[in-house]
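Working through the structure, step by step
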Amino acid sequence: MKIARTLFACAALALLPAATARAQDIVAVLGSDMRPYRETFASCQAALGRPVPVLPLGADIPGSAKVVLAFGAKAALERYPGRVTLIYAIAPGVLVSRRTHPGPSVKIMMEPEAGALLGRLRGIQPGLKRLAVLWTRTSAARAASAERLVQTGAARGFAVSSERLDDAGDLPDRLRSLKGKADALWLPPDPLLISAGNFEILKHYSYDNDVPLYAPTAGLAEQGATAGVSATYEEMGRTMAAAAKAALNGDALPAELHSEKIHVSINRAAAAEARLTISSEALRSADKVLP
Amino acid sequence: MIALVLAAPSGAARAAEDAFELFREEAKVVTATRRSQAIAEVPLAVDVITADEIKVSGASNIWDLLRFRAGMDVLDGRSLDGNRAVVSARGIPREFASNLLVLVDGRSVSSLNQGGVYWAQLPVQLQDIERIEIVRGPNAALYGTGAGVGVVNILTKKPGGQALLEADTRAGNLGSIQAFQAVEGPALGKISLRISHTFQQEKGFPRAPGSRVDDSLRKNVLNLRAGGALSERTDLELFAGGSWSSAGLADSSKSLRGDFDNQFAMLKCSHALAEDSAIEVTGSRSDFRSDTTAWSLARDSRQIQHDAEVLHRLAWADGRLNTTYGTSYRGVVLASPDLYGSARPRLELYRGYLQQGVKVTERLSLQGAVSLEGSNMAGVQPNYQAAAVLAPVPEQAFRTSYSVAHTLRDFIPVYGFLTPDANTVVLGDPALSVPYKIESYEAGYRGSWLERRLETDLSLFYTKIDNYHQLFFDSFVFPVTTLKLRNYDDAIARGAELQVKYRFSRGCWAYGNYTHERVSDRAGDRALMTENTPAHKVNLGGSAALPRGFSSSVNLGYKDAYFIGAVGGGSLALVPAYWRLDLRLAYAPPRFRGAECYVAGQNLLKSEHAEFGNGVLVARTYAAGVSFKFGGSE
């Protein structure tokens, strides 16, 4: 018994540096203690199956770290050694370039992949043909996403118009110019466009002109968007974990990753205000239906 | 228990707060990263003229773009030394407005001969302008001497990565022809290039009674702008160009012609240290030569100017603090035997500056700036300014500022030795190398209403100028009269500027602005200080997209009467109050958006009127043109 305990202790001591080193090959940095960051991190850690040390902003990255998980734009824009793979999420207004991080980086996208998004929107609104996508030019990450939506839409029979705003102040004018030209609006997760004031303008436009408004979070559906179509924080965390494992394996990763599972919240009252009748099939397949 | 229930936010309110909290948090980072600043948050009176507004204005000259703006004053028809227009701000026009700093892509284009800008000879083309930023009010702490009353920054278009071909040709009365061409696109891999050229010809305005003038112009302007990324973090840009012109000059006693060459080259390098920190290094050289067929302020004159600047901009403390600091050098040498004899006046100016902005709370921002300028003319002089912006509710902001600027005088007041004719001598005074002081107080308000369709801006200002120079009689020894410049006068300029703009839809808007200015001075000299700016100015106008591809714009302006020095000096001239109407009507075929034909008219209400003395009369002008644009991005 004594020998077994001794052998066990030796094995534990032998494995401890390896375990510690393994634990330090992935580290996490959170932009703040906001709930979306914490939830995504918790899901990622659970999917990895092991604790991940959380470092404060600005802390030195251990020499053993090969992957840095960053939550939020503030964490994503920190300077990390070029040897680490940076995987960042919940940073919708940011696209990390080589200028910020010389090593590989992967962004976990909040919004669904273009084809999946359009498919879900058509499931909610079968007659949807013309979709207007609103985004601000000052948000660096938006241009490529908008272009992908346009191209994917063209391939699938949608007319997607990319409505670039020089700044959020142009929103009312742009909406007025869209009257009669769009069957629905898609609001990407653009932090320079999504504010309480702008959302009120969009919501009223939607109700007054019978144009459904689709938003990138369930919370905005609760606030009056026709539906929220997005990846959940839990799903983004799982996607992040899969990317981290692939990075540790040395696999090549794309610059952007979308979660496979999409969460749909439908606001029936908002849909009624926008004169949209949602089929029972669409309601059944939604993850959440608000009265 | 009841207090806790009352104090706690309702579930609905908390849910609403949560829905936007993430984006609010992310926006802070993006905003700090981009260092964008909404105009409402700027603690000064700022006006922006966009490229679209320039296009629909129908203007054929840069100074006409500034004519209908609040707080700005434009006089046309001067032409004494080739400088046809005088642009000034806030009631201090003078003939040579040396307190309004004019920049092109950040490079000063003011003349140190007598102050002011040779607008007609600027090496910049209307169609190349991306926007014009007008900052009314002192900004000397950030921009340096010469910005005591305001700054006009002309920013040109940056070449995009896509191939583009543009052309714009117009012809009108008074023998006017203007032809513009530009080509843009990628070159040698990573470089984007834009080359543009304008040819302009005019027979000039009609003569005022009793004057002999030849107010014609023949000009070529060529510009090159190239840029590219040296690395992921470093960008390099080259600006170069020139204006070569031959112009008739207005003089009541003789007919003059002048030749003007104005060339420059500038290199700008920016390096991003981090997403919220960047260094910029700029160096430039400009060479302005002028010569005239007889004595004038522009005869056999050459100004060579070198500028260099290094600055660092950064945002820190979660974007709550914005800092800009830097240092600059300016060296100017001027040669003109008719103005300075054998002397070659020079200026060597070294400047260090620091501007700090603090976002105290979401609603309150403070900004301060200080600079030290050392020069061979005036030793070391400080400039400083402090401002605050309070936004009690979204879309509404109140601002207040205080500033002190020490302005170096131009060369003629200090070094001048002019003999305009055999019986007159005008002398400068070396004692005028001491700068004069401008102290300014300002309060303002900016607000948006009706879902930002309606924008309003109000500014109130009080500006005190100490030890300003004027021309005085010094002595008479038969037959020669000697006049001398002395810093004899103090002046106070007060006023109010109100602007309102309503946007009906995209490309369809209406505006109105009102400016009241009053200048009083100790010397009581109405000719040069107190009454040479209109007390009241009103401008109205708008632009509309009409059916079937038509569009129109209109600008209507009223100016009160004012006095101004007559061409050639000497007596005053009263310019009566007048209205001015400019119109433009255009047609763009719906199937070919890159093409447009248009007709434009300026000063349509009267066949001619005087704006400056009695040299030339500003005539009614009209032109028709066609423009094309192939390629480029949206």
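Now for a quick tour of the structure.

Rules behind the numbers
- Residues numbered from 1 in each chain as written.
- Chains lettered and ligands numbered in written order.
- Predicted model: local features only at pLDDT ≥ 70, side-chain atom pairs only at ≥ 80, totals over all residues.
- Heavy atoms only, no water.
- Helix = DSSP H or I, 4+ residues; strand = E, 2+ residues; numbered from the N terminus.
- Contact = heavy atoms within 4.5 Å.
- Areas by Shrake-Rupley, 256 points an atom, 1.4 Å probe, with all protein chains shown as cover.
- Pairing = 2+ DSSP bridges.
- Axes fitted to C-alpha atoms, helices over the stretch in contact; angles between N-to-C directions.
- Buried < 20%, exposed > 50% of the residue type's maximum accessible area, 1.4 Å probe, protein only.
- Patch = residues over 30% accessible without salt bridge, like charges linked within 9 Å, V, L, I, M, F, W, Y side chains within 5 Å.
- Salt bridge = Lys/Arg side-chain N within 4 Å of Asp/Glu carboxyl O.
- Expected span 1.5 Å × (residues − 1).
- Phe/Tyr/Trp six-rings, centres within 6.5 Å; stacked < 30°, edge-to-face > 60°.
- Arc of directions from axis to C-beta.

Turning our attention to the overall build of chain B. The secondary structure content of chain B amounts to 8 helices and 36 strands. Looking at chain B alone, contacts between residues at least 24 apart form 61% of all its contacts between residues at least 6 apart. With an accessible surface of roughly 26400 Å², chain B has 60% of that area assigned to carbon and sulfur atoms.

The subject of this paragraph is the sheet that holds strand β8 (residues 184-186) of chain A. All names here are of chain A. One open sheet accounts for 7 strands, arranged β7-β6-β8-β9-β10-β12-β13; its pairing is mixed. Every interior strand has two partners, whereas the edge strands, β7 (159-165) and β13 (288-290), have only one. Going from strand to strand, the sheet's axes swing by 20 degrees on average, the running direction of each strand aside. Across 2 bridges, the pairing between strand β9 (residues 213-215) and strand β10 (residues 227-230) is parallel. Across the sheet, Tyr214 pairs through a bridge with Ala227, a residue of β10. Helix α4 (residues 114-124) contacts β6 (130-136), β7, β8, β9, β10 and β12 (263-267) of the sheet and is inclined by roughly 155 degrees relative to β10.

Walk down a regular strand and you will see the side chains alternate between the two sheet faces. Residue and element names in this part refer to chain A. Residues Ala227 and Val229 of β10 are buried on one face, and the alternating residues Gly228 and Ser230, pointing to the opposite face, are buried as well. Here β10 runs beside β12; their pairing, made up of 4 bridges, is antiparallel. In the sheet register, Ser230 faces β12, and the bridge partner there is His263.

Residue and element names in this part refer to chain B. Together, Leu165, Val183, Ile195, Leu222, Trp244, Phe592, Val626, Phe628 and Phe630 make up an exposed nonpolar region whose accessible area comes to about 730 Å². When residues in the nonpolar patch are grouped by element, the largest group, 3 residues, is from strand β36 (residues 621-631). Here Val626 shows up in strand β36.

The next point concerns helix α7 (residues 196-209) of chain A. All names here are of chain A. Helix length check: α7 (14 residues) gives 20 Å between terminal C-alpha atoms against 20 Å at 1.5 Å per residue, within 8%. Asn198, Phe199, Ile201, Leu202, Lys203, Tyr205, Ser206 and Tyr207 are the residues of α7 that are buried. Phi turns positive, to about 55 degrees, at Asp210, one or two residues after α7.

Our next topic: the packing of aromatic side chains. Residues and elements named next belong to chain B. A full pass over the atoms with the stated rule returns 14 aromatic pairs over all chains. Between Phe398 and Tyr445, the ring centres sit 5.1 Å apart and the planes meet at 40 degrees, which makes this aromatic pair tilted. Of the two residues, Phe398 sits in strand β21 (residues 396-407) while Tyr445 sits in strand β24 (residues 436-449), which places them 47 residues apart along the sequence. When its relative accessible area of 41% is taken as the criterion, Phe398 is described as partly exposed. Between Tyr402 and Tyr441 the ring centres are 4.9 Å apart and the planes differ by 50 degrees, which places this aromatic pair in the tilted class.

Tallying each qualifying case throughout the model produces 44 salt bridges over all chains. A salt bridge links Asp173 of chain A to Arg503 of chain B; its shortest N-O distance comes to 3.2 Å. One end of the pair, Asp173 of chain A, is in helix α6 (residues 171-177); the other, Arg503 of chain B, is in strand β26 (residues 480-505), on a second chain. For Asp173 of chain A, a relative accessible area of 8% corresponds to the buried category. For Arg503 of chain B, a relative accessible area of 18% gives the class buried. Here Arg136 of chain B ties to Glu497 of chain B by a salt bridge, and the two come within 2.8 Å at their closest N and O atoms. Of the two residues, Arg136 of chain B is situated in strand β6 (residues 129-136) and Glu497 of chain B in strand β26; the sequence distance between them amounts to 361 residues. Residue classification places Arg136 of chain B among the buried positions, given a relative accessible area of 1%. Overall, Glu497 of chain B belongs to the buried group, its relative accessible area being 0%.

All names here are of chain B. With 10 of 14 residues buried, β24 is to be regarded as a mostly interior element. Bridge analysis of β21 against β24 gives 12 bridges, and the strand direction is antiparallel. Looking across to β24, one finds that Ala397 is bridged to Arg446.

What follows deals with the sheet that holds strand β7 (residues 150-156) of chain B. Residue and element names in this part refer to chain B. Taking strand neighbours across the sheet as the criterion, the 5 strands line up as β1-β6-β7-β4-β5 in an open arrangement whose pairing is mixed. Edge positions in the sheet fall to β1 (45-50) and β5 (107-108), since each of these pairs with one other strand and no more. Of the strand pairs in this sheet, β1 and β6 are connected by 6 bridges, and their pairing is antiparallel. The residue bridging Val48 from the neighbouring strand is Glu133, located in β6.

Residues and elements named next belong to chain A. The first and last C-alpha atoms of helix α2 (residues 35-48) sit 20 Å apart over 14 residues, in line with the 20 Å expected at 1.5 Å per residue. Turning to α2, its buried residues number three or more, namely Pro36, Tyr37, Thr40, Phe41, Ser43, Cys44 and Leu48. On an axial view of α2, the arc spanned by its buried residues comes to 165 degrees, and they lie on one face. A positive phi of about 80 degrees marks Gly49, the residue just after α2.

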